[in-house]
Amino acid sequence: MKTTSSSNLYNINTQTGLVSSVEFIASPNFDARPKCVNPTLIVVHGISLPPNQFGGSAIADLFTNQLDAASDPYFEKIKGLKVSAHALIKRDGTLVQFVPFNQRAWHAGQSKFKGQANCNDFSVGIELEGTDFSCYTAMQYAVLARLIKSLREVYPGLQTANNDNIVGHSDIAPDRKTDPGAYFVWPALHRLLED
């Protein structure tokens, strides 16, 4: 069993694929990665439910197939959707895990990275609570950088010198997706990853 070693990193158990001391809400929307495939890509997403609203349990409800379609008109459009992410970072920096990192979360959909299709097979999906039209919080950037550093400790395929394997959902599905949006400050994340 390999785990992260530095005290300023999250403790990730590679046998379970879970971060210790972080809330885990099990999503049923996952399956096994292809045999001998470990993560080599990190996909940053942005999500708010209902759109442009923060807080509440709607994101967790969506990822666990418990979203009440009658509670908001928008939810009627997405009812029955079977999606997940490995983790969510809320506006206040709270980290919640939904799928073990050693499993395949259903976050990318039809996607391609450097000519390789089906990004769910080889990626980690991290949702940030936010929108394409609002700034993300400093705490979200800090937690995202800490999580990425922790993942790199236990999944060497995620280690690159220039961070070119950390992308937005819009980078791997440009015809369908726009998140995390123009307000996500990539240089800010890259600076935190260098610290």
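This text follows the structure it describes.
What you see is a predicted model; the values in this text were computed from it and never measured.

**Q** Tell me about the pattern of salt bridges, residues and numbers included.
**A** Two side chains of opposite charge can pair, provided their charged atoms sit close to one another. What the rule picks out here adds up to four salt bridges. When the shortest N-O distance is used, the salt bridge between lysine 114 and aspartate 164 registers 2.9 Å. Remark: aspartate 164 occurs in the loop between helix H3 (138–154) and strand S12 (166–168) and lysine 114 occurs in the loop between strand S9 (112–113) and strand S10 (116–117); sequence separation between them is 50 residues. Salt bridges sharing partners connect three or more residues here, namely Asp31, Arg104 and Asp121.

**Q** Describe the nonpolar core, naming the residues involved and giving the relevant values.
**A** Grouped burial of nonpolar side chains is what soluble globular proteins tend to show. The biggest cluster of nonpolar side chains holds 29 residues, and the ones touching the most others in it are Ile126, Leu144, Leu147, Leu151 and Leu189. If you list the elements that add at least two residues to this core, you get strand S5 (41–47), strand S6 (87–89), strand S11 (123–129), H3 and helix H5 (186–194). With eight residues, the single largest contributor to this core is H3. If we ignore the near neighbours within four places in the chain, the residues touching leucine 189 are Tyr141, Leu144, Ala145, Ile148, Ile166 and Phe184. Ranked by size, the runner-up nonpolar core spans 16 residues in total, among them Ala60, Leu67, Phe75 and Phe98.

**Q** So what's going on with the packing of aromatic side chains? Which residues, and what values?
**A** Evaluated as defined, the whole model comprises four aromatic pairs. Aromatic pair phenylalanine 63 and phenylalanine 98: ring centres 5.1 Å apart, planes at 85 degrees, arrangement edge-to-face. Taken together, the residues phenylalanine 63 in helix H1 (residues 58–63) and phenylalanine 98 in the loop between strand S7 (95–97) and strand S8 (103–105) connect sequence positions 35 residues apart. For the pair phenylalanine 63 and phenylalanine 98, a shared accessibility class is recorded, and that class is buried. Three or more aromatic residues link up through ring pairs in this structure, and these residues are Tyr136, Tyr141, Phe184 and Trp186. In this structure, arginine 91 is placed above the aromatic ring of phenylalanine 54, and the distance from its NZ or CZ to the ring centre is 4.2 Å. Its end group placed over the ring of tyrosine 10, arginine 146 keeps NZ or CZ at 3.8 Å from the ring centre.

**Q** Outline the side chain of serine 111, listing residues and values.
**A** For serine 111, the location among the structural elements is in the loop between S8 and S9. A residue is classified by how much of its surface remains accessible, and serine 111, at 8% relative accessible area, is buried. Among the polar contacts listed, one links the side chain of serine 111 to the backbone oxygen of glycine 109, at a separation of 2.9 Å. At a separation of 3.1 Å, a polar atom in the side chain of serine 111 contacts the main-chain amide nitrogen of cysteine 119.

**Q** How would you sum up unusual backbone geometry? Please name residues and give values.
**A** A cis amide bond links leucine 49 with the next residue in sequence, proline 50, at an omega value of -10 degrees. Of note, the bond from aspartate 179 into proline 180 is cis; its omega dihedral lies within 30 degrees of zero at 10 degrees. Inspection of the secondary structure assignment puts proline 180 in the loop between helix H4 (169–172) and H5. Residue cysteine 36 is not a glycine yet carries a positive backbone phi of 65 degrees. Among the structural elements, cysteine 36 can be located in the loop between strand S4 (30–32) and S5. With a phi angle near 60 degrees, asparagine 163 is a residue other than glycine that sits in the positive phi range.

**Q** For the sheet that holds S7, give the residues involved together with the corresponding values.
**A** Pairing in this open sheet of six strands is mixed, and the strands run S3-S7-S6-S11-S5-S12 from one edge to the other. On the outer flanks of this sheet lie strand S3 (23–24) and S12, each paired with one strand and no other. Where H3 meets the sheet, it contacts S5, S6, S7, S11 and S12, and its direction lies at approximately 165 degrees from that of S11.

Cut-offs and rules
- Residues numbered from 1 in each chain as written.
- Predicted model: local features only at pLDDT ≥ 70, side-chain atom pairs only at ≥ 80, totals over all residues.
- Heavy atoms only, no water.
- Salt bridge = Lys/Arg side-chain N within 4 Å of Asp/Glu carboxyl O.
- Helix = DSSP H or I, 4+ residues; strand = E, 2+ residues; numbered from the N terminus.
- Core = buried A, V, L, I, M, F, W, Y, C linked by side-chain atoms within 4.5 Å.
- Buried < 20%, exposed > 50% of the residue type's maximum accessible area, 1.4 Å probe, protein only.
- Contact = heavy atoms within 4.5 Å.
- Phe/Tyr/Trp six-rings, centres within 6.5 Å; stacked < 30°, edge-to-face > 60°.
- Lys NZ or Arg CZ within 6 Å of the ring centre and 35° of its normal.
- Polar contact = N/O pair within 3.5 Å; in protein donor to acceptor, adjacent residues only side chain to side chain.
- Pairing = 2+ DSSP bridges.
- Axes fitted to C-alpha atoms, helices over the stretch in contact; angles between N-to-C directions.

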